[in-house]
Amino acid sequence: MFLVDRMLGKLAKKLRLLGFDTIYLPHAQEEQIIQLCKQNNRILITRDRLLHMRALKNGLRSHLIHSDNWRDQLVELSSRFDLKNTNRMTRCSLCNAELEKIPVEKIKDRVPLYVQNTQNDFFICPVCNRVYWAGSHVQHAIEEFRRLRI
Ligand SMILES: [Zn+2]
C-alpha cells in the first residue's frame, strides 16, 4: 500500500499498527524509491517536495507531508485515505510482517502472568518474534488514534 520516505519512521510504525502494508526506507535513493513504487504499485508518503513532484510526473500516487509530528501527519493522511476502517493489530510495527495468532502456552515464558490471566488473544511476528496482545503498547497507540479521531 504505502512506501514511506526518510524522516517518517514513526508515521510508518503507526500505519503498520493501523494495518497498512507499509515499507519504510530511510536510506533509499530517489531512483530506487520511484522504481519500487512503480513495481509494487505503492503510494509514496514523503516530506521531500522534489521527490513528490518527481513521483507525480512518473504517474505515481504520492502524498506530500507537511507536519513534522506523527500525530499531525496521521491527521494529514486521514484527509485523503480512510484510516478508520482498518485491520488494526494485524501487522508488526517493526517489520511490517503479518502477525500470526499463537496459543498462550507457547509464549508463557515471555508474557507476564497477569497478562496471561487477563488476555485471550496473543499474536506473534513470524519475522522478529515479537509478541503482541491487546493490552500492550499497541492499545496505547490505538487510544491515541481514537483521540485523533482516526
Ligand atoms: Zn516483527
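The coordinates are above.
These lines cover the structure that appears in this document, whether it is placed above or below. (Residues numbered from 1 in each chain as written. Predicted model: local features only at pLDDT ≥ 70, side-chain atom pairs only at ≥ 80, totals over all residues. Heavy atoms only, no water.)

Some thoughts on the pattern of salt bridges
Counted according to the given criterion, the structure contains six salt bridges. Of the charged contacts in the structure, one is a salt bridge between aspartate 48 and arginine 6, with a shortest N-O distance of 3.4 Å. One end of the pair, aspartate 48, is in the loop between strand S3 (43-46) and helix H3 (49-57); the other, arginine 6, is in the loop between strand S1 (2-4) and helix H1 (9-17), and 42 residues separate them in sequence. Residue class for arginine 6 comes out partly exposed when judged on its relative accessible area of 35%. Of the charged contacts, one joins aspartate 121 and lysine 101 as a salt bridge, the two residues approaching to 3.2 Å between their closest N and O atoms. Of this pair, aspartate 121 sits in the loop between helix H5 (113-118) and strand S6 (122-124) while lysine 101 sits in strand S5 (residues 100-101); the two residues are 20 residues apart in sequence, bridging distant segments of the chain. Using a relative accessible area of 34% as the deciding quantity, one classes aspartate 121 as partly exposed. Where salt bridges share partners, they join Glu30, Glu31 and Arg54 into one cluster. (Salt bridge = Lys/Arg side-chain N within 4 Å of Asp/Glu carboxyl O. Helix = DSSP H or I, 4+ residues; strand = E, 2+ residues; numbered from the N terminus. Buried < 20%, exposed > 50% of the residue type's maximum accessible area, 1.4 Å probe, protein only.)

Structural notes on the side chain of lysine 14
Mapped onto the secondary structure, lysine 14 falls in helix H1. The residues touching lysine 14, leaving out its near neighbours within four places in the chain, are Trp70, Leu74 and Phe145. (Contact = heavy atoms within 4.5 Å.)

Considering the coordination of the zinc ion
In the first shell of the zinc ion, the protein supplies Cys92 (SG), Cys95 (SG), Cys125 (SG) and Cys128 (SG), at 2.1 to 2.3 Å from the metal. Given four donor atoms and angles of 101 to 119 degrees at the metal, the environment of the zinc ion is assigned as tetrahedral. Counting gaps between the donor residues of the zinc ion yields the pattern C-x2-C-x29-C-x2-C. Within this pair, whereas cysteine 92 is found in the loop between helix H4 (70-78) and S5, its partner cysteine 125 is found in the loop between S6 and strand S7 (131-133), the two being separated by 33 residues in sequence. Take cysteine 92: its relative accessible area is 0%, and that puts it in the buried class. For cysteine 125, a relative accessible area of 0% puts it in the buried group. (Donors = N, O, S within 2.8 Å, 3.2 Å for Na, K, Ca; no water. Tetrahedral: all angles 85-135°; square planar, octahedral: opposite > 155°, others 65-115°.)

Honestly, it's all geometry; don't read function into it.
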